[in-house]
Amino acid sequence: MINYKIEIADAHAHLFQLTLTIPAPAETQALSLPVWIPGSYMVREFSRHLGGLQARQGSRAVALRQTSKCSWEARCSGRGALVVSYQVYAFDSSVRAAFLDAQRGFFNGASLCLRAHGKEAQSHGIELAGLPEGWQVATSMTATGALSYQAADYDELIDHPVELGRFWRGEFSAAGVPHQLVVSGALPVFDGTRLLADAQRICEAQIALWHGERRGAVPPFGRYVFLLNAVDEGYGGLEHRASTALIAARRDLPVLGQQEVSDGYLRLLGLISHEYFHTWNVKRLRPDTFASFDYSQENYTELLWFFEGFTSYYDDLMLRRCGLIDEARYLKLLSATISAVLAVPGRKQQSLAQASFDAWIRYYRQDENTPNSTVSYYAKGALLALALDLSLRSQSQGASRSASLDEVMRQLWQRSGGGPISEADILAVVAEAGGAALAEELRRWVHGTEDLPLPALLERVGVRWCSDKASLAQRLGLRVSETDGIRVKQVLQGSAALAGGLAAGDEILACNSWRLRKLDEALQTLAPERLSQMALLVARDQRVLSLNLCLPLEAQAGAPVRLSPAEKAPARALGLRRAWLGS
Ligand SMILES: [Zn+2]
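Residues numbered from 1 in each chain as written. Predicted model: local features only at pLDDT ≥ 70, side-chain atom pairs only at ≥ 80, totals over all residues. Heavy atoms only, no water.

Enquirer: Quick rundown of the layout of surface pockets? Include the residues and the values.
Expert: As a volume, the largest pocket reaches approximately 1,300 Å³. Every residue lining the largest pocket is counted, 46 residues in all, and those nearest its centre are Tyr235, Ser312, Tyr363, Ser376 and Tyr378. Within the residue set of the lining of the largest pocket, elements represented by two or more residues are strand S20 (236–239), helix H4 (263–278), helix H5 (304–321), helix H6 (327–342), helix H8 (370–373) and helix H9 (379–395). No other element matches the 8 residues that H4 contributes to the lining of the largest pocket. Along the lines of polarity and charge, the residues of the lining of the largest pocket split into 22 nonpolar, 15 polar and 9 charged. (1 Å grid on protein atoms, 1.4 Å probe; cavity = no way out; pocket = protein on both sides within 12 Å on 5 of 7 lines; lining within 4 Å. Points joined across faces, edges and corners; volume = space filled by probe spheres on them. Helix = DSSP H or I, 4+ residues; strand = E, 2+ residues; numbered from the N terminus. Nonpolar A, V, L, I, M, F, W, Y, C, P; charged D, E, K, R; others polar.)

Enquirer: Report on unusual backbone geometry, specifying residues and quantitative values.
Expert: Glycine aside, a negative phi is what most residues show, and trans is what most peptide bonds show. A positive phi angle, near 130°, is found at Val282, a position not held by glycine. With respect to the element layout, Val282 can be found in the loop between H4 and strand S22 (286–287).

Enquirer: Quick one: what's the story with the side chain of Asp252, residue by residue and with numbers?
Expert: When you line up the elements, Asp252 lands in the loop between strand S21 (243–249) and H4. Those residues in contact with Asp252 that sit more than four places away from it in its chain are Gly264, Tyr265, Arg267 and Leu268. (Contact = heavy atoms within 4.5 Å.)

Enquirer: Residue-level account of the sheet that holds strand S1 (residues 2–10), with values.
Expert: The 8 strands lie next to each other as S5-S4-S8-S2-S1-S12-S15-S14, forming an open sheet whose pairing is mixed. Strand pairing shows two members of the sheet lacking a second neighbour, strand S5 (60–61) and strand S14 (142–143), which therefore form its edges. Here S14 pairs with strand S15 (residues 148–151) via 2 bridges, running antiparallel. Residue pairing across strands places Ala143 opposite Tyr149, the latter belonging to S15. (Pairing = 2+ DSSP bridges.)

Set out below in structure tokens:
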């Protein structure tokens, strides 16, 4: 067994001490650290935090030769175990790497555990040592002792993040499977009982979605662990085969005595729902190119619109279906997603398949040009799932079995055995459920840049689509931050802001000779007879510029959208809406 001893070397210096033992090394034993972690599609070069690398066999020092930014070779002789020691600097507060201070520790194996090439299929063990008194450990990895754990292979080893410290923990059961929820950093007023109860509803609804309501339907894992780190500011999650690491703002946690679902708590429930859904959709059902991972470079797929987008569709939908939010609240969330996609000119530049493929250099490396050159495979992918679901539901008139996206997901799961799938597999199942024409339409939605026919599809299920009032920033076609003056973050293509010469980085000082502190104050400076004229004073690179903008009446790049239940919809539409939203 490949074994890693992981010790806290110096919490104040954020250093883990690693001792890797390879019982029967190759003559030239290659070692490397992944450059990325599955689920987060960006090359992160974890090896930049590794230091003090040494190797020995018995008492003999073994020479190590570095062969790339993240790999080494050890020249071994004889049969003795190779023992490699090194330190890893861990001060990344995200869910993707490793963190250590005197209050808390967290790590993903991808940040800490060197891969012993040629030995990946062997079982891998972890032994923790040097934990401060009172610290607990939480992980979905199989425990073999008080502080020791074992994984079947290297892939599994790095797919069980580990939380260390003093934390709140609770348990619940869903479909008979034990679930553990661990919360670090919660305030004393945190209502853990409520979070457990709400998470349980989400988990049970999702297990039923994938495996049906029949008794004895069990998910493809024997135990599941939520690792939630509550912080001052933060949001995110990373999915794993039997756990998820989450980060959320402390204020978004439920508070004792609070009954309603605050917007912040709703965001947290959506995150829990999203990451849990991934346990099926991307961890097991996954792109064919992810059948086995190459940890040394980018792993491309055109299918993130399915694995992230469809997961994003179901995350909020499951909150509605399990009764945590009502129909109006759900439609409000959907309105926000639609508005966000329509506000982005990049949706005309990039297809969902291209956005998926380019995730490594675009979605994960956003800059001021992002909204002009890309579309989010999360947001537009979720809308594509909506369009597909509504198409299936509304055309299944008279069919003995009603079609839906739920059925498509279950079919894909069953046919692949919960394994790798291709775009052709998805299209084939859609063709069976909704006909060849719908499959062809789906192919165009994935590879084209046309807007989805959502207004018509929503009407079929009794949901009204209205344009909402655009803000001044939306009418001008720019995005600003107002924390330190009015700073232009992004200028949208085809916008009045672009035509007038505004650029990212500009600080907007004044409009029509009036000093501004917030952009919206500019509305008060417009003369009634010249409502469209904005003479802006702008600071750019120490120079002050005068720019003349012509303010349009409406937002040019997609006005915000508001969805509402149609009061006088036909009975069939109301029936479809009830079936869709589980009301
Ligand atoms: Zn996701």
